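# Structure assessment
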Amino acid sequence: MAFNIAVAGKGGTGKSTLAALTIRYITEELGKPVSAVDADPNASLGSLLGLEVKSTVADLREDIVEKKVDFSGMSKERYIEYAIEESIIETSKFDLLTMGRPEGPKCYCYVNNLLRKYMDKVGTTYPFVVTDNEAGMEHLSRRTTNNVDLLMIVSEPTVVGALTIQRILKLAESIPVTIRQKFCILNRIPENGIHENLQQKLDSLGIEVSALFPFDQEVYNTAACGASIFEISRENELYVKLGTFLQKHLPASMLEKSTVGNQ
Ligand SMILES: Nc1ncnc2c1ncn2[C@@H]1O[C@H](COP(=O)(O)OP(=O)(O)O)[C@@H](O)[C@H]1O
Ligand SMILES: [Mg+2]
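The notes below deal with the structure included here. (Residues numbered from 1 in each chain as written. Chains lettered and ligands numbered in written order. Predicted model: local features only at pLDDT ≥ 70, side-chain atom pairs only at ≥ 80, totals over all residues.)

From N to C terminus, the chain includes 11 helices and eight strands. Burial statistics for the chain: of 263 residues in total, 40% are counted as buried. Of the contacts made within the chain by residues no fewer than 6 positions apart, 80% connect residues no fewer than 24 positions apart. (Helix = DSSP H or I, 4+ residues; strand = E, 2+ residues; numbered from the N terminus. Buried ≥ 20, exposed ≤ 12 C-beta atoms within 10 Å, placed from the backbone. Contact = placed C-beta atoms within 7 Å.)

Rendered as structure tokens:
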């Protein structure tokens, strides 16, 4: 089974950036292919990875629910499978599936079930799945995702951020998905480090922080220019720190460097 990494947190905290850098680390430094899933309705993983996303699963769900689609002989199930496949962008190192934004409170159970089947299939064919989740983690709670081996909860280094971590930790306990390891990460730490009051708050909430990632000018510049995270230098401090974090928490068997997809 694939090793499933999920990134969660409030919008604007750096989820997609860290998901994209994780995908780069696994593909380039470990040489292993990744199935990337952008489950945030505010989809941005594709552009961070330098891809142009033309169709999302939500688009096709709309078409099917609104019956705008002429199935022309195809079974509905086969059509949805086909449409999910159409929404996948394949590169030599990773594939990306973008969920998109569903419009309106319609029942998508049928499509969600097929999506789950797809995710189960992906889980047996890729060594890694990396999911960029939306803030509320609804995809996880609808069990569109498989079990999670490593959950990164990304937060800004503020009291509001600490309270959000607490809420997500509680939510993670209540959803019907097994999460094997959870790590709280504070991102965009200013040069002077985190404020002592924040440390006190984290202590009083019983939140253990596993990684402090710095504010990084090169990452900011890359985003400001709309460039892909593959343009960031390999020596970049945030990239190196994320690599150290992954080296520490991924199972040894997943860290063996391979050349798959790198030739
Ligand atoms: N460590 C960092 N240093 C500098 N800028 C960062 C860092 N992490 C994220 N950013 C920037 O913060 C903004 C929000 O990040 P993003 O990954 O889109 O957040 P989210 O996916 O949680 O909404 C982006 O402009 C991104 O480039
Ligand atoms: Mg995002």
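Past the structure itself, the notes keep going.
Attention now moves to the site of ligand 1. Every one of the 18 residues lining ligand 1 counts as a neighbour, but Gly-14, Lys-15, Ser-16, Thr-17 and Ala-223 are closest to it. Residue assignment for the shell around ligand 1 shows that the elements contributing at least two residues are α1 (15-29), β7 (179-189) and α9 (217-224). Across the shell around ligand 1, the residue classes break down as six nonpolar, nine polar and three charged. (Near = placed C-beta within 6 Å. Nonpolar A, V, L, I, M, F, W, Y, C, P; charged D, E, K, R; others polar.)

As a further point, take the sheet that holds strand β8 (residues 209-214). Spatially, the eight strands line up as an open sheet ordered β3-β4-β2-β5-β1-β6-β7-β8, and their pairing is mixed. Single-partner strands in this sheet number two, and they are β3 (88-90) and β8. Each neighbouring strand pair of the sheet contributes to a mean axis angle of 20 degrees, computed without reference to strand direction. The strands touched by α1 are β1 (3-9), β2 (34-38), β4 (94-98), β5 (128-132), β6 (148-155) and β7; relative to β5, the strand with the most contacts, the crossing angle is about 165 degrees. (Pairing = 2+ DSSP bridges. Axes fitted to C-alpha atoms, helices over the stretch in contact; angles between N-to-C directions.)

The next subject is the nonpolar core. One recurring pattern in soluble globular proteins is that nonpolar side chains are buried together. Residues Ile-23, Phe-128, Ile-153 and Leu-242 are the most contacted members of the largest nonpolar core, which totals 61 residues. The greatest single-element share of this core, amounting to seven residues, is contributed by α1. Leave out the neighbours within four places in its chain, and Ile-153 touches Ala-8, Gly-9, Ile-165, Ile-168, Lys-182, Phe-183, Cys-184 and Ile-185. (Core = buried A, V, L, I, M, F, W, Y, C linked by C-beta atoms within 7 Å.)

We now examine the environment of Ser-210. Mapped onto the secondary structure, Ser-210 falls in strand β8. In contact with Ser-210, other than residues within four places in its own chain, are Phe-183, Cys-184 and Ile-185.

Where helix α7 (residues 159-174) contacts helix α8 (residues 196-205), the axes come no closer than 9 Å and their chain directions differ by 20 degrees. With respect to their mutual orientation, α7 and α8 come out roughly parallel. α8 is crossed by α7, and the crossing has right-handed handedness. Judged by residue contacts, Val-159, Ala-162 and Gln-166 of α7 engage Leu-198, Lys-201, Leu-202 and Leu-205 from α8. The class makeup of the residues in the contact of α7 with α8 is five nonpolar, one polar and one charged. (Parallel < 35°, antiparallel > 145°, perpendicular 65-115°, else oblique. Left-handed = near helix turned anticlockwise from the far one by under 90°.)

Let's shift gears to the environment of Glu-77. With respect to the helices and strands, Glu-77 occurs in helix α4 (residues 76-86). Judged by the 13 C-beta atoms lying within 10 Å of it, Glu-77 falls in the partly exposed class. On a C-alpha basis, the gap between Glu-77 and Leu-114 in space is 7.7 Å, while along the polypeptide they are 37 residues apart.

Moving on: the packing of α1 against helix α10 (residues 237-249). What describes two packed helices is the angle between their axes and the distance between those same axes. One can describe the packing of α1 onto α10 by two numbers: an axis separation of 10 Å at closest approach and a directional angle of 70 degrees. Between α1 and α10, the interaxial angle falls into the category roughly perpendicular. Of the residues in α10, those touching α1 at Leu-18, Leu-21, Thr-22, Tyr-25 and Glu-29 are Leu-238, Tyr-239, Leu-242, Gly-243 and Leu-246. Looking at side-chain class alone, the contact of α1 with α10 contains seven nonpolar, two polar and one charged residues.

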